[in-house]
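Close look at the chain arrangement
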Amino acid sequence: MPERPERPESLAGQGRVALVTGAASGIGAAMVRELSGRGWTTAGLDLSPAPDADHSVGVDVSDPAQVGAAVRRIERELGPVGAALCAAGHYAIVPVSDIAWPEWRRMLRVHLGGLVNVCRAVTPGMVERGEGAVVAVASELAIGGGDAEAHYAAAKGAVIGFVRSLAVELGPSGVRVNAVAPGPTDTPLLPPESPWRKASYLQTLPAGRLTSAEEVALAAAYLVEDGTFCAGEVLSPNAGAVI
Ligand code: NAD
């Protein structure tokens, strides 16, 4: 009988600092609550105040200077960031021919740029310490595509490409970079006119309901803490739905 290998040490809270963007609402707020419950000290970055986080910092994630200043302040006041979860984002239903270039650029600046800004601010310290976890929030739409959602799906596709590449780049240092790719999730992001708010569409989901923000946060917490050999992974907590 081969010997059972030792369980790798998980990256557990134990007072470590987790930075969460988009922490004021929906999935980001659920991530803050999930990690707080696991012993992490949480710093929430958002355009709006993040009441669930231990520390809330007003930041536009698309601005590298604001993100850099926020991370420096968090590390000075709370200690080194052990986990960064990037959930800030916005969404719109617009046919390709109607999407103006400023909206294309904004979509990419917030989703891809926000992730890049956070990674550039937190990962050098993680690499130096030889541990750390980044989890980006992508979307099932990046894989399946969606009607009148091309700019959003393209930005999320870019997020996945970035995550897979950074995972390879930082792999040797022990820093793990992963993504969650939720399907339709019950948060204020989905506008009332979203098809997924309609009963007919809900029936196409195997579970017959939207994912909850808490279910996405659980998947992200797994990638942070116990997915000790997961890197470049895209985990879809969608109960089997392919959209
Ligand atoms: P939400 O609207 O509830 O929360 C998004 C948060 O991001 C808000 O608090 C908002 O203020 C913040 N934000 C937006 N732009 C920002 C910026 N430039 N700088 C800082 N903060 C900013 O939406 P959610 O559903 O919780 O979305 C979280 C993430 O999950 C997003 O990246 C979204 O694209 C993704 N996602 C959502 C769904 C869904 O169906 N709800 C599905 C897949 C992926």
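The structure displayed is predicted, hence computed values, not measured ones.

Points about the environment of Ser-48
On the secondary structure map, Ser-48 appears in the loop between strand S2 (41-46) and strand S3 (55-58). When the 12 C-beta atoms within 10 Å are taken as the criterion, Ser-48 is described as exposed. For the pair formed by Ser-48 and Ala-83, sequence separation is 35 residues and the distance between their alpha carbons is 21 Å.

Concerning the nonpolar core
Ranked by size, the top nonpolar core spans 70 residues in total, and within it Leu-19, Met-31, Leu-85, Val-135, Ala-136 and Ala-220 carry the most contacts. When residues in this core are grouped by element, the largest group, 10 residues, is from helix H3 (residues 101-129). Dropping the residues within four chain positions of it, Leu-85 is found in contact with Ala-18, Val-20, Met-31, Val-135 and Ala-220.

Structural notes on the confidence of the model for the protein chain
Scored by pLDDT, the protein chain has a mean of 94; 98% of the residues are at 70 or more. The complex model carries a pTM of 0.97, and its ipTM stands at 0.99.

A closer look at the site of the ligand
Taken together, 30 residues sit near the ligand, with Gly-22, Gly-26, Gly-89, Thr-187 and Leu-189 positioned nearest. Top contributing element to the shell around the ligand by residue count: helix H1 (residues 26-37), with three residues.

So, the pairing of strand S1 (residues 17-21)
Of all five residues in S1, five are buried; the element is thus mostly enclosed. Along S1, one buried face is formed by Val-17, Leu-19 and Thr-21 and the opposite face, lined by Ala-18 and Val-20, is buried too. The sheet contact formed by S1 and S2 spans five bridges and is parallel. Looking at S2, one finds that Thr-21 is bridged to Leu-45. In this region the chain leaves S1, passes through H1 and returns to the parallel neighbour S2; the handedness of that crossover is right-handed.

The rules we used
Residues numbered from 1 in each chain as written. Predicted model: local features only at pLDDT ≥ 70, side-chain atom pairs only at ≥ 80, totals over all residues. Helix = DSSP H or I, 4+ residues; strand = E, 2+ residues; numbered from the N terminus. Buried ≥ 20, exposed ≤ 12 C-beta atoms within 10 Å, placed from the backbone. Core = buried A, V, L, I, M, F, W, Y, C linked by C-beta atoms within 7 Å. Contact = placed C-beta atoms within 7 Å. pLDDT = per-residue confidence, 0-100. Near = placed C-beta within 6 Å. Pairing = 2+ DSSP bridges. Right-handed = clockwise from strand over helix to strand, strands pointing away.

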